[in-house]
Structure formats: structure tokens, C-alpha cells
Amino acid sequence: MTQIRKIILTLLMSGFALLMIMPFIWMISTSFKSPADVFTYPIQWIPSSLNWEHHIKVWSGANTFATYYLNSLKISLISTIGAVFLSAFAAYGFARIQFKGRETLFLIYLSMMMVPPQVLFVPKFLMFEWVGIYNTHWALILPGMFTIFGVFMLRQFFLSVPSEISEAAFIDGAGHLRIFFRLILPLAKPALATLAIIDFSWHWNDYENALVFLIDKDLYTVPLGLQNFILENNVDYNGMMAAATAGIIPMIIVFLVGQHYIIQGVAGSAVKG
Amino acid sequence: MHKSWMKRQSRLGYLFIGPNMIGVLLFFIIPAVYSFYLMFTDYKFMSPETNFVGLDNIRRMMNDDLFGVALRNTFVFLLAVPISMGLAFIVAVALNKSVYWQKTLRALYFMPYITSGVAIAFVWMLLFQPSSGPINGFLRGIGITNPPGWLSTTEWSMYAIDIIWIWFMLGYNMIIYLAALQEIPEELVEAARIDGARPWQTIRQVIWPLVSPTTFLLLITGLIMTIKNFGIIQAITQGGPGNSTTVLSLFIYQNAFRYYEMGYAAAISWALFAIIMIFTVLQWLGQKRWVHY
């Protein structure tokens, strides 16, 4: 009886899940269709013939997804590595060292999380122009290396590491730096991986900052490149879907590889506040 | 002895936090302070001079019809949050224990959230295509002769955005609900069953109240997350048709980077901050209640 219920529920939930990913399936299938078949109804889920030309169009020409990928990869990787390292350092300070003004500082960090990005756009724009990094990748990389969320997440994790571990090391004569590098960081590998994957996905998907701070097409990241492609090919529906596919595939791969970390990180961060 | 130790600790503390603090100062605190100053000026990009105009920008905002429209659209946008949460709760309860392929199903539901970005915006743009798009094709197929024009009409455009946003947030809400459900002691659900409660009763009277802190948390954080977002809307409609999808956050972007009214944009962005502040205070007040449930 319960067995049957379980099967029915599984089928029901699978059906709904299929509905959830249907836009992706439609996107991929449309990217291979011929223009005439885009809107045929009932929907053609399996294209009558595989048309690779739309995908070739996306990857060739003046501004191609190869450039966008490289730009996005560069920005996301440098930002993420910087963010993980700098957050870990700060989080250790907040979690494990007693010093004057710590609580006040942490409160300031907290309050900065409430400030909407829109408040910061104009001043950052003026600042970047003044120092000459507006319309360069630095305008995304430099701010990207500082994530308040990362400090919070790792602080939470460091607080959960028993203090006996570092006390024993203190007695053996180790200082904070040594404890941080030799003890805490190796212990925190799962937390660091979680932050790295979540942070990478943010940078990869970041459209708003790129929109505000980049102008030159050869500097475009994947989201901007996608928008650009669609502005220039707004009647080529197959091409649009081929471009969208190119924009989504890397994140799907990251997700499949780091699924466990992403889900755990998202769940942990919200439930703990 | 003790004093010098404290001093050393403080120095070490700043050594650890310092590098991060420099960035937070440069990219968060200074811009925030500067934006606060800009709110009281008539700063326009490339304008020869900037004047201090006092509360003019705030007065202008109060009298700007478009601000009212943007505010209204923002509230329609926010409707997506509770709807998405409701669906996510149902999915989470179903996926918590009593199905096969749990992990795969969770991943599938979560997929939209990770593939955020403009890509999905464009996919939905075609799905919603009014005359021959698959969604209206389906609606006609089930007998609706006059399906909505979705993104191309002022009446429906904001609701179309809501549907996309519900779809987008569902997986995120579901994961958080799942985490909360797993904290519920098995005995409580078991006890309800022994007392003869039907599954539906158990969900309504045992599970739902027990996850209410999570519901509250998701509601507030969801509202904050939604109110800040403008990427999806910018990518699909740029606020149109008319101004039917101009939400507050997009309105700020447009004023700053399309019309270069940067002083005015700063003022609206602080209005946005005030709204987020209200949600945050609510969350903080709520937190006190949910610690001991």
C-alpha cells in the first residue's frame, strides 16, 4: 500500500520536475530545429533534423562566445579565489581572535548586507572612472574579491570548530597564523569549497554589474554577450536558443559537479541566518 | 602582562581582518556614504557643475508619477515570493521522504536557480510569444480561445515576469524548506499518525506550524532578494511595454545610466534601502520569536 503511494508520488513529482526543466529542454531542442519548426504546435520535442548551423553561428563571427567564455572565466576565477582567501582570513579574525572593536566592526559588516546594489552603482561608477578602471575587467574583479556573505558563512563554520583544537596548538607554541594555515584551513575544506562554488556561480551569472561597468564588446562576459547576440539577431529564434544554451551549459556542468556543496551551502546559509 | 597580550591580540585581529576590511571600505562603505551625499545634489553625468539641492530630489520623487508606477509594479513583482514559497513547501514535503529518486528530483527542481542569468530570460521570452509561442499554443489547445498577450501587453506583462520569478525561486525555497523539514523530530509526525491524523492533517497541524520560522525567514529574505533584482526584467522587457514592468530597482538603473540623473537615482535608491530596512527589522523581530519554538 505505502509502496504504491510512494510510486504514485514519485511519478507525480517527476512530472512536475519535468515541467520545471521544460524550458531548458525546449531551448536545446529549438536550437537544433530549422526556423520553420520553432513554433510548430504540438511542440516538436525532437527536431526532425539536427541543424548545427545555429550553434556554429554563436561560436564564430566578430564577437563570439569563445571571447565571452574567456572573459567570464577570467573574472569569475580571479574573483572567487580572492574572495575565498580574503573571506577566510577575515572570518578567522572575527571568529577566533578577541580584539577591541570586533563586535562593532562585525555589526558594520552586517549592516552593509542590507545596502542594495543600486545604492552603490553610481558612486562605484564615478570612482572607477576616476581611477581609470571603468570599462576594464578590474571593475568587476576588484569588488568581486570582497564578499560579506563569504565572511559570514566561514565565520559560522570557524565558530563550530572546537576551541580545544587551537588551545592544544597554542600550548605547543603555535601562533594564530600557524593555526590558521595548518589547522583551520585544512579543516574548513568543505566550507571553502562550498563558498567557492556558490561565489563562482554568482560571478558567472552576474549581469547587473557587467551591464553597468563594461562597454567594449571584446570585454563582454557571457550574460552581456548573450544579450548582445540577441539584440543583433532578434528574429533568429534558433540562434537565440543556441546562444542561450551556450550561456547555460557551463553552470549546469558546475552544478552537476558541485551539486552537493551548492545545495548544502544554500541550505546552511539561510537556516543559520 | 595582560594588557600587552590584549594589544597583541588586537594587532593580530586587525591583521586578519584588515585585507578584507580595505575592500569593504572601498567598495561598500565609501560608495554608500558618497551615494548619501549625491542624494542631495543635482549631479548629472558630464554636467559642468553640481549643486547642492537639499531635499529637491526627494520632493521630485514624491511627485513623480513614474515612481508610483514603479512602486506598484514592485508590489506585483513581490507577489511571486509567497506563491513560489507555497509551491516549494508542497514539493519539499513530497520530496522529504516518500519518493524514489530524491536526489535527482531535488537537483532538477533546483536547476533554474543555478542557471540564473539572462539566458533563461530569453527562453521565456519565446515561450511567452503571444501569437505562436508554445505557452499560448498549449492554452489554445485546452480550449482557451483568447490567451493573454503576456509580455507584449501592459495588463499581463508583470504577471508574466511573476511566473518566471516563481519558477526561478522555487528550487531555492524548496531546498531551504527541505533543510527545515529534516530538523523535525520523527516522533512528532509518528505521534500524529498514531492519533489517527490523516496525511493532510499532519501537514497542516504539525509540519506547517513547525516550519513557520522558516516560512517567515524565506518570506522576508525572498522579498529582499526580489526587490533588489532587475536583471531579468532589464533583459526581457527593459521596463516595457509602456512602463508596465518598470520596478523600483530598474527605475533606479534607468535614471542613473539611461538619463544620467545620478542625484535623482541616488535618492530613489535610498528609498529602496528604506524598504529593505523595514523587511530587515521585521526579520530581526521575528528572529527573537523563532529561537524558542
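None of these values were measured; they are calculated from a predicted model.

Caption draft 1: Expanded view of the overall build of chain A. Along the backbone of chain A there are 13 helices and zero strands. For chain A, the α and β elements follow one another from N to C terminus as α-α-α-α-α-α-α-α-α-α-α-α-α. Rg of the C-alpha trace for chain A: 23 Å, well past the compact-globule value of 19 Å for 273 residues, more than 25% over. Each principal axis of the C-alpha distribution contributes one length, and for chain A these read about 75 × 70 × 30 Å. Across the 273 residues that make up chain A, the buried fraction comes to 57%. Look at the contacts in chain A between residues 6 or more apart in sequence, and 72% of them connect residues 24 or more apart. Accessible area of chain A: about 12,300 Å², with a carbon and sulfur share of 68%. One finds the centroid of the 15 positive side-chain charges in chain A at a distance of 12 Å from the centroid of its 14 negative side-chain charges.

Caption draft 2: Geometry of the pattern of salt bridges. Tallying each qualifying case throughout the model produces seven salt bridges over all chains. We note a salt bridge from Glu232 of chain A to Lys217 of chain A, for which the minimum N-O separation is 3.3 Å. Placement of the pair is Glu232 of chain A in helix α12 (residues 222-232) and Lys217 of chain A in the loop between α11 (208-213) and α12, with a sequence separation of 15 residues. Judged by relative accessible area, which is 51%, Glu232 of chain A ranks as exposed. Counted as one network, the salt bridges with shared partners bring together Lys44, Arg60 and Glu261 of chain B.

Caption draft 3: Just the side chain of Ser79 of chain A, in detail. All names here are of chain A. Among the secondary structure elements, Ser79 is positioned in helix α3 (residues 65-96). We classify Ser79 as buried; its relative accessible area is 0%. A distance of 2.7 Å separates a polar side-chain atom of Ser79 from the backbone oxygen of Ile75.

Caption draft 4: Broad picture of helix α5 (residues 117-131) of chain A. Residues and elements named next belong to chain A. Look at α5: 20 Å from first C-alpha to last across 15 residues, which is about the 21 Å you get at 1.5 Å a residue. Its axis deflected by about 30° at Pro123, α5 carries its strongest bend there. Along α5, eleven of the 15 residues are buried, which leaves the element largely enclosed by surrounding structure. Taken together, the buried positions of α5 are Gln118, Val119, Leu120, Phe121, Val122, Pro123, Lys124, Phe125, Leu126, Met127 and Phe128. Immediately downstream of α5, the backbone of Gly132 shows phi near 85°, a positive value.

Caption draft 5: Representation of the confidence of the model for chain A within the structure. For chain A, the average pLDDT comes to 89, and 98% of its residues sit at 70 or higher. Per-element averaging of pLDDT across chain A places helix α8 (residues 163-171) of chain A at the bottom with 83 and helix α6 (residues 138-144) of chain A at the top with 96.

Caption draft 6: Expanded view of the packing of aromatic side chains. The full count for this structure, using the stated rule, is 51 aromatic pairs over all chains. The residue whose ring lies beneath Arg60 of chain B is Tyr264 of chain B, and the NZ or CZ to ring-centre distance is 3.8 Å.

Caption draft 7: Inspection of the interface of chain B and chain A at higher detail. Listed as interface residues are 86 residues of chain B and, on the opposing side, 85 residues of chain A. Interface area for chain B against chain A, summed over the two sides, is near 8,200 Å², with a carbon-plus-sulfur share of 81%. Broken down residue by residue, the surface that chain B buries against chain A is led by Phe16, Phe27 and Tyr100 of chain B, which jointly contribute 10%. The interface formed by chain B and chain A holds zero salt bridges in total. Inspection of the region where chain B meets chain A yields 13 residue pairs in polar contact (both at pLDDT 80 or more). Here the side of chain B that touches chain A gets 22 residues from one element, more than from any other, and that element is helix α1 (residues 2-38) of chain B. Split by residue class, the side of chain B that touches chain A holds 63 nonpolar, 20 polar and three charged.

Caption draft 8: Local environment of the nonpolar core. Residues Phe65, Leu154, Phe158 and Phe213 of chain A together with Tyr109, Met174 and Phe257 of chain B are the most contacted members of the largest nonpolar core, which totals 197 residues. Sorting elements by how many residues they give to this core places helix α8 (residues 157-181) of chain B first, with 19 residues.

Caption draft 9: Geometry of the confidence of the model for chain B. All names here are of chain B. On average, residues of chain B score 90 in pLDDT, and 97% of them are at 70 or above. Helix α9 (residues 186-194) is the least confidently modelled element of chain B, averaging 86 in pLDDT, while helix α3 (residues 65-78) averages 96, the highest of any element. Here the predicted complex scores 0.92 on pTM and 0.90 on ipTM.

Scoring rules and cut-offs
Residues numbered from 1 in each chain as written. Chains lettered and ligands numbered in written order. Predicted model: local features only at pLDDT ≥ 70, side-chain atom pairs only at ≥ 80, totals over all residues. Heavy atoms only, no water. Helix = DSSP H or I, 4+ residues; strand = E, 2+ residues; numbered from the N terminus. Rg over C-alpha atoms; globule rule 2.2 N^0.38 Å. Buried < 20%, exposed > 50% of the residue type's maximum accessible area, 1.4 Å probe, protein only. Contact = heavy atoms within 4.5 Å. Areas by Shrake-Rupley, 256 points an atom, 1.4 Å probe, with all protein chains shown as cover. Lys, Arg positive; Asp, Glu negative; His and termini not counted. Charge placed at Lys NZ, Arg CZ, Asp CG, Glu CD. Salt bridge = Lys/Arg side-chain N within 4 Å of Asp/Glu carboxyl O. Polar contact = N/O pair within 3.5 Å; in protein donor to acceptor, adjacent residues only side chain to side chain. Expected span 1.5 Å × (residues − 1). Bend = angle between axes of the 7 residues up to and from the residue. pLDDT = per-residue confidence, 0-100. Phe/Tyr/Trp six-rings, centres within 6.5 Å; stacked < 30°, edge-to-face > 60°. Lys NZ or Arg CZ within 6 Å of the ring centre and 35° of its normal. Buried area = accessible area lost by both parts, 1.4 Å probe. Nonpolar A, V, L, I, M, F, W, Y, C, P; charged D, E, K, R; others polar. Core = buried A, V, L, I, M, F, W, Y, C linked by side-chain atoms within 4.5 Å.

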